[in-house]
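# Structural overview for review
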Amino acid sequence: MNVPTMAEMMAQGKQPEVLFWVGAAGSYDDRAKKISKAFVKILHEAKVDFAVLGVEESSTGDAAKRAGNEFLFQMQAMMNIEVLNGYEVKKIVTCDPHSFNTLKNEYPGLGGNYEVFHHTQFIQNLINEGRLKINNTNLKGKRVTFHDPCYLGRANEVYESPRDLIRRLGVNLTEMKRSKRTALCCGAGGAQMFKDAEKGDKEVNILRTEDALETKPEIIATGCPYCNTMMTDGIKFKEKEASVTVKDIAELISEANKL
Amino acid sequence: MQYIPNILFTIALIAGIGFFTLNIRKVIRNINLGKDINRTDQKSARWKNMLSIAFGQSKMVRRPISGILHLIVYIGFVIINIEVLEIIVDGVLGTHRVFKDYIGTATYGFLIGSFEVLAALVFVAVIIFWTRRNVANIKRFLSSEMKGWPKKDGNFILYFEMVLMALFMVMNATDVPFQQAGTGNVISQFISPLFNGFSSENLQLIERTAWWLHILGILVFLNYLYYSKHLHILLAFPNTYYANLQPKGQFTNLESVTNEVKLMLDPDADPYATPVDESTEEVPEKFGASDVTDLNWVQLMNAYTCTECGRCTSACPANLTGKKLSPRKIMMDTRDRLEEVGRNIDANNGTFKEDGKQLLNDYITPEELWACTSCNACVEECPVNIDPLSIIMDMRRYLVMEESAAPQELNAMMTNIENNGAPWPYNQQDRLNWTKEG
Ligand code: SF4
Ligand code: SF4
C-alpha cells in the first residue's frame, strides 16, 4: 500500500494537500488498521495528494489529558506541534475523533493551528467537489444504524457528515433511541479504554450495543476506532457476530466502491 | 392607629428583603472564593444563550412533560410578580387594589383574570410535580443523593407554591368589592360561593388574613431560596450567561503546566538557573482541584445553580450502568462543601480555618471520578448549562499530578505514551508497519 511520509515528500520538495493523522489505534490496533487502510484506499481513489508522519507521529496526548495528566499531554502536544509546524502542515484529516478534537481544539492554544477534518467530513468534501462518487448499489437496502462518537458528536457537534455518507450508500439508515445529542457513550472515552471499569451492574459498551440491537441492524456503522472496538466486543458478548457486523464508515465506502 | 398595618407591613418588607440581601451577599462571597476565569468575551453570544436558555427555557422543553409543567410554573411566577408589586404598594400606602384606579377596571380585570388562570394552572402543575416526585417511580428522583434534605427541599417548594396559590385565590374570592365588580374573577368566582353566608366582617377578616399570609409567605419563600435548590430561579440567568462557549470537547490547557513544559523542552534553558518567580515568593501553583477553592467561580456558581433535577445523571453512561458516579451528586457535593467553607469563614471572622476536610474524599471519591468517560452527556442535558465534567476533570488532574494516584492501568498507559508515543507498548519505529501488511 502506497502511503508516502512527510519526510519523503519534503525530500522531493513537495507539500501534500493534506496530512493524514493516523493515530495510535490506526497504526497499531489490528481492527483499527483496517480502517486506516480503507481510508487510504479512498484517498487514492479520489487522487488526494496526502502524506503521513509515520515514525515521526506520536500520541496526541488525548488519553493522558482525559486521565488528568496535563503535563504529559502538553509534552506530547508541543513535540507534535514542533513536527507539524516544521513541515508547515495546514490541513489535517484523521479517522479518530479523539485526535480530531485534540488537534482541532486543544493544539491552537499551544501554538498548533491547523484546519482539522474528521475523515467523514473530508470524504463529504471530496464528494461535494466531485472528486469521489459513492456506489449506492453494492450495499443497497442493508439495515444500518450509526453510533455517534462522543468526541465527534456532542464534543464538536458533527452529526450530519457521517449520516450524509451513510445515506449515500443506498442503505436503510435507522436511528437508535439515543442518538446525536443524546447518544450514549461507547464507554471508551476519557481514558476508560485503557482501564477496567469501576464496579457497576453492566459495562457501558453492552448497554450501547443493546441500544443498537434494538434497531435490528445488519451493520453498526461507527466513525471512531475506539467505538468500533467497544461495539465489536459488545456484539461478541451478545453472540450476534453471525448477523451483525461493526464497520467504520470508511470501510463501508471502500466496500461499496469495491476498492 | 390606622397606620399600624402599614408600619408592620413596611417592617416585614424591609426585614424580608434585608435578610435576603445578606444571604445573597454570602452566596456571592462564596462564589468569589473560586479562582478567576475570564468569561467576558463574545457578549452577544452570551446574551443569546441567556435569553434562549434561561429566559426562553429552550433546554427545559426537550423533555416535554416536565418542560411544559415547568414553563407554566415559571410564567406564573414571572406574571404573579406584577400582582406582588401591587400588594407591596397597597401594603405600604394602605390602599386597596391601587392599580385598578390607574389602569381602568377593564384592563385590571383582564390582568387579574390572567393571573387567576395562571395561578390555577400552577396549582395543577405543582400537584403533578408532587405526584411525579413522590408517587410515580421516576428513577432520577430516587437516586441515593436524593434522600433526606434534597427530597424534603423539593417537596417544600411545591407545598409553598400550592399554599401561595391557594391564598391568592382565597384572597380574591373573599374580596367582596372585587367579586361585585365581576371582572377578572374568572376562577375565584367559583370559589367565592364557598364563603356564602359569612358576615361581611368575617369575609373582610378572611380577605385580610389571606392577603397578609400571601405576602408574608412570599417573603419567607424569598428567604428560603438561599437554603434551597430553588436558588436557580435567580442564578439560572448569570449561569447561562457565563457558560462555556467553546466546543464541549475542548478542555482547558493549564497555563501553569504550559510554562513548566516549555522550560523542560527548551534546550537553552539552564537547569541550574534560579526560577524566575522564586523572588516573588509565590505559593507554588496546585495542579488540579482537591477542594472548592481550587475550582473557578463559574464552577462554584454552577453548584449554587444546580436544581437537582437529575437530567444529567439520567443521561450519564456510568450512572446508567450502575457505577457510583452521578454528575448531579458532583454538583450537590460541591455546593455542600462550599456552604461548609462559607460557614467556617463566618464563624472565624472572615478567614477560613483549616477543618481537616476537603471536597476530594470527604465528599467525592476517586471511584466516582474515575468512572467518567468524559462523554459530555451531562453537560448537554443540563437545562441551565452546568458543567459537571469540568469539576471531574479538575479533580482527576489533582489525583494524577499532585498525588500520582491514577489507577494502575492508567499509569501503565501513561508510561507507554511517555516512552513509546502511544498508549500501548509498541515501538514508535513500527508506526508505519500497517502500510506494509496485506
Ligand atoms: S461526562 Fe462523565 S459525568 Fe458526564 S455524563 Fe459523561 S460519564 Fe457521566
Ligand atoms: S447539573 Fe444540571 S442537569 Fe444535573 S441536576 Fe443540576 S441542574 Fe439538573
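A short tour of the structure in this document, coming up. Because the structure is predicted, anything quoted here is derived from the model rather than measured.

Scoring rules and cut-offs
- Residues numbered from 1 in each chain as written.
- Chains lettered and ligands numbered in written order.
- Predicted model: local features only at pLDDT ≥ 70, side-chain atom pairs only at ≥ 80, totals over all residues.
- Heavy atoms only, no water.
- Helix = DSSP H or I, 4+ residues; strand = E, 2+ residues; numbered from the N terminus.
- Rg over C-alpha atoms; globule rule 2.2 N^0.38 Å.
- Buried < 20%, exposed > 50% of the residue type's maximum accessible area, 1.4 Å probe, protein only.
- Contact = heavy atoms within 4.5 Å.
- Lys, Arg positive; Asp, Glu negative; His and termini not counted.
- Charge placed at Lys NZ, Arg CZ, Asp CG, Glu CD.
- Areas by Shrake-Rupley, 256 points an atom, 1.4 Å probe, with all protein chains shown as cover.
- Polar contact = N/O pair within 3.5 Å; in protein donor to acceptor, adjacent residues only side chain to side chain.
- Near = heavy atom within 4 Å.
- Nonpolar A, V, L, I, M, F, W, Y, C, P; charged D, E, K, R; others polar.
- Phe/Tyr/Trp six-rings, centres within 6.5 Å; stacked < 30°, edge-to-face > 60°.
- Lys NZ or Arg CZ within 6 Å of the ring centre and 35° of its normal.
- Pairing = 2+ DSSP bridges.
- Buried area = accessible area lost by both parts, 1.4 Å probe.
- Salt bridge = Lys/Arg side-chain N within 4 Å of Asp/Glu carboxyl O.
- Axes fitted to C-alpha atoms, helices over the stretch in contact; angles between N-to-C directions.

## A few points about the overall build of chain B
Along its length, chain B carries 20 helices and 0 strands. On C-alpha atoms alone, chain B measures out to a radius of gyration of 28 Å, which is more than a quarter above the 22 Å that the 2.2 N^0.38 rule sets for 438 residues. Expressed along its principal axes, the backbone C-alpha trace of chain B runs to roughly 95 × 60 × 40 Å. The burial tally for chain B puts 50% of its 438 residues in the buried class. Taking the contacts inside chain B whose residues are at least 6 apart along the sequence as the reference set, 76% of them involve residues at least 24 apart. Positive and negative side-chain charges of chain B, numbering 39 and 46 respectively, have mean locations separated by a distance of 8 Å.

## Notes on the overall build of chain A
In terms of regular secondary structure, chain A is built from 11 helices and 8 strands. A compact globule built from 259 residues would reach a C-alpha radius of gyration of about 18 Å, and chain A, at 18 Å, matches this within 12%. Overall size of chain A, expressed as C-alpha extent along the three principal axes, is 50 × 45 × 30 Å. Looking at chain A as a whole, 66% of its 259 residues qualify as buried. Contacts spanning at least 24 positions in sequence make up 79% of the contacts within chain A whose residues lie at least 6 apart. About 9200 Å² of surface is accessible on chain A, with carbon and sulfur atoms providing 47% of the total. For chain A, the distance from the average position of its 35 positive side-chain charges to the average position of its 35 negative side-chain charges is 6 Å.

## Here's the deal with the environment of Y151 of chain A
Secondary-structure assignment places Y151 of chain A in the loop between strand 5 (143-146) and helix 8 (160-168). Residues Y151 of chain A and C224 of chain A, 73 residues apart in the sequence, show an inter-C-alpha distance of 9.0 Å. Each residue touching Y151 of chain A, except ones within four places of it in the same chain, is listed here: R66, P97, H98, F100, N101 and N156 of chain A together with G249, F251 and S374 of chain B. There is a polar contact of 2.6 Å between the side chain of Y151 of chain A and the side chain of S374 of chain B.

## Remarks on the site of ligand 1
Near ligand 1, the surroundings consist of 13 residues, among which C316, C372, C375, N376 and C378 of chain B are the closest. Of the residues that constitute the shell around ligand 1, the class distribution is 10 nonpolar, 3 polar and no charged.

## Some words on the packing of aromatic side chains
Counted according to the given criterion, the structure contains 23 aromatic pairs over all chains. On the numbers, 6.5 Å between centres and 20° between planes, the contact of Y226 of chain A with W424 of chain B is stacked. One end of the pair, Y226 of chain A, is in helix 10 (residues 225-237); the other, W424 of chain B, is in the segment after helix 20 (408-420), on a second chain. Judged by relative accessible area, Y226 of chain A falls into the buried class, the value being 11%. Every member of this aromatic cluster is reached through a ring pair, and the members are W149, F156, F160, F221 and Y224 of chain B. Directly above the ring of F178 of chain B sits R97 of chain B, whose terminal nitrogen or CZ lies 4.2 Å from the centroid. The cationic tip of R208 of chain B hangs over the ring face of W211 of chain B; the distance from NZ or CZ to the ring centre is 4.7 Å.

## A word on the sheet that holds strand 3 (residues 91-94) of chain A
Strands belonging to one sheet form pairs held by backbone hydrogen bonds; the direction of such a pair is parallel or antiparallel. Residues and elements named next belong to chain A. An order of 2-1-3-4 is seen for the 4 strands of this open sheet, with the pairing classed as parallel. With partners counted over all chains shown, the strands left at the sheet margins are strand 2 (50-51) and strand 4 (115-118), one partner each. Pairing analysis gives 2 bridges linking strand 1 (residues 18-21) to strand 2, with the strands arranged parallel. Paired with V18 across the strands is F50, a residue of strand 2.

## Examining the interface of chain B and chain A
At the junction of the two partners, chain B supplies 62 residues and chain A supplies 73 residues. Between chain B and chain A, the buried area comes to about 5700 Å², and carbon and sulfur atoms account for 63% of it. Of all residues in chain B, W424, R431 and W434 of chain B give up the largest surface area on contact with chain A, accounting jointly for 15% of the area buried on that side. Seen at the junction of chain B and chain A, the total is 4 salt bridges. For the pair chain B and chain A, the interface holds 33 residue pairs in polar contact (both at pLDDT 80 or more). At the level of secondary structure, the elements contributing two or more residues to the side of chain B that touches chain A comprise helix 11 (255-265), helix 14 (317-320), helix 17 (366-370), helix 18 (377-381), helix 19 (388-402) and helix 20 of chain B.

## Overview of the site of ligand 2
Residue and element names in this part refer to chain B. Close to ligand 2 lie C306, T307, E308, C309, G310, R311, C312, R328, M331, C382, P383 and I386, which account for all nearby residues. Of all elements in the fold, only helix 13 (311-315) and helix 15 (327-347) reach the threshold of two or more residues within the shell around ligand 2. Here the residues of the shell around ligand 2 are counted per class, giving 7 nonpolar, 2 polar and 3 charged.

## Considerations on helix 11 (residues 249-256) of chain A
All names here are of chain A. With 7 of 8 residues buried, helix 11 lies mostly within the body of the structure. Among the residues making up helix 11, those that are buried are I249, A250, E251, L252, I253, S254 and A256. Between the side-chain oxygen of the N-cap and the backbone nitrogen of A250 there are 2.8 Å, and the N-cap of helix 11 in question is D248. Just beyond helix 11, the residue with positive phi is K258, at close to 50°.

## Things to note about helix 9 (residues 204-213) of chain A
Each turn of an α-helix holds 3.6 residues, which means side chains three or four residues apart point in the same direction. Along helix 9 of chain A, 9 of the 10 residues are buried, which leaves the element largely enclosed by surrounding structure. Within helix 9 of chain A, burial applies to V204, N205, I206, L207, R208, T209, D211, A212 and L213 of chain A. Packed against the buried residues of helix 9 of chain A are strand 5, strand 7 (219-222) and helix 10 of chain A together with helix 14 of chain B.

## Structural notes on the sheet that holds strand 5 of chain A
Residue and element names in this part refer to chain A. Reading across the sheet, the 4 strands line up as 6-5-7-8 and stay open at both edges, with parallel pairing between neighbours. Two strands bound the open sheet, and with one partner strand each, they are strand 6 (172-174) and strand 8 (245-248). Going from strand to strand, the sheet's axes swing by 35° on average, the running direction of each strand aside. Examined bridge by bridge, strand 5 and strand 7 share 3 bridges and lie parallel to one another. Among the inter-strand pairings, F146 is bridged to a residue of strand 7, identified as A221.

## With respect to the pairing of strand 5 of chain A
Bridge count between strand 5 of chain A and strand 6 of chain A: 3 bridges; the pairing is parallel. Directly across from T145 of chain A, in strand 6 of chain A, lies its bridge partner T174 of chain A.

## Some points on the side chain of D333 of chain B
All names here are of chain B. Position of D333 among the secondary structure elements: in helix 15. Residue classification places D333 among the buried residues on the basis of a relative accessible area of 8%. Contact partners of D333, with chain neighbours within four places excluded, come to L359, Y363, I364 and E368.

## Considering the pairing of strand 7 of chain A
Residue and element names in this part refer to chain A. Residues I219 and A221 line one face of strand 7 and the alternating positions I220 and T222 line the opposite face, and both faces are buried. Bridge analysis of strand 7 against strand 8 gives 4 bridges, and the strand direction is parallel. In the strand pairing of strand 8, T222 is matched with D248.

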